[in-house]
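Structure at a glance
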Amino acid sequence: MSELIEAQLTWNGSGFVKGLRVSIGDAGRILAVGSEAQLPGAARELPGRALMPGLVNAHSHAFQRGLRGQGERFPFGAGSFWSWREAMYGLVDEMDPESMHALSLRAFREMLAAGFTSVGEFHYLHHAGDDRGWDLDAAVLAAAKEAGIRIVLLQAYYETGGIEQPLLGAQVRFGSKGPAEYWTAMDRLAPQLDLPTQSLGCVIHSIRAAGLESLRAVHAESKARGLVCHMHLEEQPLEIEDCMAAYARTPMGVLLSELDLDERFCAVHCTHTDAGEMRFYLERGANVCICPLTEANLGDGIADLNGFWSAASKGTQLSIGSDSNARISAVEELRLFEYGQRLKHQGRGQCLDAEGQVAAGLLKVGTAGGARALGLEAGKLEAGHWADLVCLDLAANCLEGWEADTLLESWIFGAGNEAIAEVCVGGRWVR
Ligand SMILES: [Zn+2]
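This is a predicted model, so every value here is computed, not measured. (Residues numbered from 1 in each chain as written. Predicted model: local features only at pLDDT ≥ 70, side-chain atom pairs only at ≥ 80, totals over all residues. Heavy atoms only, no water.)

Our next topic: the overall build of the chain. The helix and strand tally for the chain stands at 13 helices and 16 strands. At 21 Å, the chain has a C-alpha radius of gyration in line with the 22 Å of a compact globule built from 431 residues. Along the first, second and third principal axes, the C-alpha set of the chain runs to 65 × 50 × 45 Å. For the chain, buried positions account for 59% of its 431 residues. Accessible surface computed for the chain: about 16,500 Å², of which carbon and sulfur atoms make up 50%. Positive and negative side-chain charges in the chain, numbering 36 and 56 respectively, have mean positions lying 2 Å apart. (Helix = DSSP H or I, 4+ residues; strand = E, 2+ residues; numbered from the N terminus. Rg over C-alpha atoms; globule rule 2.2 N^0.38 Å. Buried < 20%, exposed > 50% of the residue type's maximum accessible area, 1.4 Å probe, protein only. Areas by Shrake-Rupley, 256 points an atom, 1.4 Å probe, with all protein chains shown as cover. Lys, Arg positive; Asp, Glu negative; His and termini not counted. Charge placed at Lys NZ, Arg CZ, Asp CG, Glu CD.)

Structure (structure tokens):
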């Protein structure tokens, strides 16, 4: 597996440059990055390629790939997140280990083709029937291994069907009886992991899905185990209204008052989060994952990054996710991340880094930000990090006329998945 490579251009953290080599060790990690003088010897050259860190998909529900093209007609009037959720529950009723494996494999292969080298699979559909068999979990791990993608299986805790409501219908297949049963299922998964490309993370599905006592207990145990902990948060105004009615606080308010948050926590969406609460949240070091294509498809709204982009991006606390997988494209997620803010604030260059660049900051969100949210040593071309790499095809039609200085902008604002050529996960070239 060990090799020394030199692409025509390589991302050095702030720009694409010539003459940079990457040395990959047997264990699948980057040993060193440097010039020919620093890393002498015969390198495998990659002409016509621009090498960069692989993209990190910090939030996915792979099986929802089965809904692609479905639910896009609205015979009964305007659709909503909630009408989409009914369609998703319909799919849930049909899922068994075979279909879970097949749909996950399809999604994971498509992610690799789109330049995603790792995925945080927010997995809440555990049981194929009503018997709490947890038999769908292993199917996801097997599909990830077969595809060759790095996975953090974010295993979801799901106890209630709404605040203090029982699980109903399809939701029964998501259920955990309590934290003890949940952690037992987690312990059963640990020996099934294909190390080193598979690891586990913790999830509390949403404020709808866990009472406060369970929320505190599951989060505390995830911290004790050193696991990342993710949660859907404030994607829909109704979630905030229900939470206000039950707890007299927003969901973010509940997190801030009930949990000892840190850099291992990640709130997904935050579409309608109050700016002041967001500031307190980010000060704790916690992460926010935005899923621009899914939030657009579902008509959720656009998170207002104006108030916190600069604070959050400096600490790499923002990431992207393909969520419903209605479309899988890292570059389109990054583009819409910025374009959503342009449309909202009627101005260009909303997500700027310290040098006034947009594209470099977005790439950081798509790489190091995702790695931070998933607790992975990835997302940077640096010694010690996983050799999770992507090559852009400099001969791709959509990049024609490229210049090294603006190549990243050409890709993010003008290209699609067809610009992705080779993909390497943990030192293994999977495409
Ligand atoms: Zn989600």
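Once the structure has been displayed, the description carries forward.
All right, on to the sheet that holds strand 9 (residues 198-204) then. The parallel open sheet is built from 8 strands, whose spatial order is 6-7-8-9-10-11-12-13. The sheet terminates laterally at strand 6 (55-60) and strand 13 (318-320), the two strands that pair on one side only. Between one strand axis and the next, the sheet turns through 25° on average, direction left out of account. For strand 12 (residues 287-290) and strand 13, the ladder comprises 3 bridges, and the chain directions are parallel. Paired with isoleucine 290 across the bridge in strand 13 is isoleucine 320. (Pairing = 2+ DSSP bridges. Axes fitted to C-alpha atoms, helices over the stretch in contact; angles between N-to-C directions.)

The subject of this paragraph is the environment of phenylalanine 116. You can see phenylalanine 116 is positioned in strand 7 (residues 116-123). You can call phenylalanine 116 buried: its relative accessible area is 0%. For the pair phenylalanine 116 and arginine 106, spaced 10 residues apart in sequence, the C-alpha separation works out to 14 Å. Not counting the four nearest positions on each side in its chain, phenylalanine 116 is found in contact with Leu55, Val56, Asn57, Met111, Ile149, Ile320, Ile328, Ser329 and Ala330. (Contact = heavy atoms within 4.5 Å.)

On to the pattern of salt bridges. Any two side chains of opposite charge can pair, so long as their charged atoms come close to each other. One pass over the structure, following the stated rule, counts 21 salt bridges. The partner of arginine 21 in a salt bridge is glutamate 36, and the shortest N-O contact between them spans 3.9 Å. Linking arginine 21 in strand 3 (residues 21-24) with glutamate 36 in the loop between strand 4 (30-34) and strand 5 (44-53), this pair joins segments that are 15 residues apart in sequence. The shortest N-O distance in the salt bridge between aspartate 260 and lysine 223 comes to 3.2 Å. Pair noted here: aspartate 260 is in the loop between helix 7 (251-258) and strand 11 (265-269) and lysine 223 is in helix 5 (residues 212-224), with a separation of 37 residues, a long-range link. A residue is classified by how much of its surface remains accessible, and aspartate 260, at 54% relative accessible area, is exposed. Given a relative accessible area of 29%, lysine 223 falls into the partly exposed group. Taken together, the salt bridges that share partners define one network made up of Glu6, Arg21 and Glu36. (Salt bridge = Lys/Arg side-chain N within 4 Å of Asp/Glu carboxyl O.)

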